[in-house]
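# Chain and residue survey
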Amino acid sequence: MKPNLLQRGSAHLVAIVVSLIMVIPVYLILTNAFKSSAEASSMSAQLPTTLHWENFSTVIERGRLGTSFLNSMLYSSGSTIMATLFAAMAAHVLSRNPTRLNRFLYFFLIMGIALPINFFTLTRIMQITQLINTKAGMIILYSAIQIPFSVFLIYGFIDSVPRELDEAAIIDGCGPIQLFFRIILPLLTPVLVTAGILNFLGVWNDFILPLYFLNNSTHWPMTLAVYNFFGQYQQNWNLVSADILLTILPVIVIYLVGQRFILSGLSSGAVKG
Amino acid sequence: MNLQNRYPFYFVLPALTLYIVFFIIPNLSGIGLSFTDWNSYRSEINFTGLANFEKIFSQNEAYLNYFSNTLVFTISTSVLKLVLGLALALMLNQGVKRFVHLYRTMVYLPAVLPTLVVALIFRSILNPATGLLNTFLRSIGADALAKPWLVDPSIALWSVIGVDTWKGVGYIMVILLAGLQTIPREYYEAAEVDGANAWSRLRHITLPLLTPAVVVVTVLNILYGLRVFDIIYALTNGGPGYATEVLATGIFRAFSQGLYGLGTAITSIQFVILIVAGYLVIRLMQREPVRA
């Protein structure tokens, strides 16, 4: 079915319009971040008259972006590494040894994708374990939350690693730990990267958990910091834009660099159903 | 070495422990505590039976709004994202040959941004007086369309739905596009030879073969809608009044007010809704796949 020129032209037109609609809000932030406070008050799409680079240093200082950036980095990487490792270990055993118990445990873990978080009782548990309002607590909590989805992704992929490799390794004298870490884990790299990036972004962009569990502002990640900044500096849209821009910059970088993994991971996971 | 030794159970323990301690136990104990008057003001907890649930389902309180708003939000965003995502995916797959990757990158971009940030940006865009949207509408003479998007209770929820659709449609499109790309060209060519037009090709080839992807997309949309928080909280914080209050924001409100028993009761209802919805859709997923 070859579309004629008119059909293709109009399809391109629609695609361009839609793409612009998607990108305009980001463009808005980009331009307004450089404006003076007066210019930015209407948040128009016009270009700034001069580039006020000092907005960024103001925002980094007053919005405590340095601290919050490090916090976001800590929570995202810490939890992603822990969750992905634990999920891979679990998926490996549950998939390779499909006993009735293990199959039940797989569905038990997957159920978590659909379940809500009960913040009230969870708060109580965080208090009991002394993890409330701590950075370590956030990392552990985020890990727990990533487990269901990570197990799902990795479990679906593990079958593509042939069991013959396991046999060969065992014959060569590998114990279970060596088998997993030396043989299986390296072969899981594609799905680990996909799961890792998706989870990393999910934690980086998260807002609700720090809102509930972090009262100490020095522990805040970037999402909470930017929300707080917005509350304070609502009138200065140039500063708010600069703050938002710096907050989304890491995300955009990760997206542009890792989009192959993100998009392919989503696609394969979804299409297989 | 038998299977038990080669794949020892302790490998599962770290993941299982985290999951049970921080996910399952809170949810299950929460169900029990829904029947109490647990709050932040007194340390003793009393059993109160169905008191919380009576309050939630009573006509005098605002709690029923949480459910209706959540339902409207979930269904609307699911339908919008599916239809628009499908339209975009079809267009990118069949109409546009070059630049597909570029368009896809741009359309997916909003999906990777923090929802909170998207909400803050749109608070500015939807400002009735100076926001970009109304300024644009007035500049093309459509003054009547320049509404008070987030301030008018009758349209606030729809504005939020619009923003959420904007953010989420790229994600849905990517999944559907991948599904479309698995449909072999030969089917379309054979259908064309047989004289099928575009509409019937869509109905009889595309949609049936796309069913798995559509199911996945619908599950994701429903699970998201029932638990949505960030976008509502940052755009309107449930307002004006309770016009945009959903389950998750209502729960947070109860949390802030120290009404733990009540909040847990709402969470437990949400838990049941999610389990039922999740189960139903998974049953749908296990239907016989389409044989081409």
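It should be emphasised that the depicted structure is a prediction, and the values quoted were computed from it without experimental measurement.

### A short note on the overall build of chain A
Summing up its helical and strand segments, chain A has 13 helices and zero strands in all. Starting at the N terminus and ending at the C terminus, chain A contains elements arranged as α-α-α-α-α-α-α-α-α-α-α-α-α. By principal-axis analysis of the C-alpha atoms, chain A measures approximately 70 × 65 × 35 Å. Split into buried and exposed, the 273 residues of chain A put 48% on the buried side.

### Considerations on the interface of chain A and chain B
Facing 70 residues of chain A, the contacting portion of chain B comprises 78 residues. Those elements giving two or more residues to the side of chain A that touches chain B turn out to be helix 1 (5–32), helix 4 (65–96), helix 5 (100–110), helix 6 (119–128), helix 7 (135–158), helix 9 (176–187), helix 12 (222–232) and helix 13 (237–272) of chain A. Sorting elements by how many residues they give to the side of chain A that touches chain B places helix 1 of chain A first, with 14 residues. Residues of the side of chain A that touches chain B, tallied by class, amount to 51 nonpolar, 17 polar and two charged.

### Here's the deal with unusual backbone geometry
Peptide bonds are mostly trans, and most non-glycine residues show a negative phi. Even without a glycine there, the phi angle at N133 of chain A is positive, about 65 degrees. Within the secondary structure layout, N133 of chain A lies in the loop between helix 6 and helix 7. Residue N133 of chain A is classed as partly exposed on the basis of its C-beta count, with 14 C-beta atoms lying within 10 Å. Phi angles above zero are rare outside glycine, and N237 of chain B is one such case at about 50 degrees. Relative to the helices and strands, N237 of chain B is located in the loop between helix 12 (230–235) and helix 13 (247–256).

### Side note on the confidence of the model for chain A
Chain-level pLDDT for chain A is 88 on average; 96% of the residues reach the 70-or-more range. The least confident element of chain A is helix 2 (residues 37–40) of chain A, whose mean pLDDT is 80; the most confident is helix 4 of chain A, at 94.

### Digging into helix 5 (residues 100–112) of chain B
For helix 5 of chain B, which comprises 13 residues, the first-to-last C-alpha distance of 19 Å matches the rise-based estimate of 18 Å (1.5 Å per residue) to within 8%. Of all the bends in helix 5 of chain B, the greatest, near 25 degrees, is centred on M106 of chain B, and the proline P110 of chain B appears no more than four residues after it.

### Description of the packing of helix 1 of chain A against helix 5 of chain B
Running from N to C, helix 1 of chain A and helix 5 of chain B cross one another at 40 degrees; their axes reach a closest spacing of 8 Å. Judged by the angle between their axes, helix 1 of chain A and helix 5 of chain B are oblique. Once helix 1 of chain A is placed against helix 5 of chain B, the crossing between them reads as left-handed. Residue-level contacts link A15, V18, S19, M22, V23 and V26 of chain A of helix 1 of chain A to Y103, M106, V107, L109 and P110 of chain B of helix 5 of chain B. Split into classes, the residues belonging to the contact of helix 1 of chain A with helix 5 of chain B amount to 10 nonpolar, one polar and no charged.

What counts, and where the lines are drawn
- Residues numbered from 1 in each chain as written.
- Chains lettered and ligands numbered in written order.
- Predicted model: local features only at pLDDT ≥ 70, side-chain atom pairs only at ≥ 80, totals over all residues.
- Helix = DSSP H or I, 4+ residues; strand = E, 2+ residues; numbered from the N terminus.
- Buried ≥ 20, exposed ≤ 12 C-beta atoms within 10 Å, placed from the backbone.
- Contact = placed C-beta atoms within 7 Å.
- Nonpolar A, V, L, I, M, F, W, Y, C, P; charged D, E, K, R; others polar.
- pLDDT = per-residue confidence, 0-100.
- Expected span 1.5 Å × (residues − 1).
- Bend = angle between axes of the 7 residues up to and from the residue.
- Axes fitted to C-alpha atoms, helices over the stretch in contact; angles between N-to-C directions.
- Parallel < 35°, antiparallel > 145°, perpendicular 65-115°, else oblique.
- Left-handed = near helix turned anticlockwise from the far one by under 90°.

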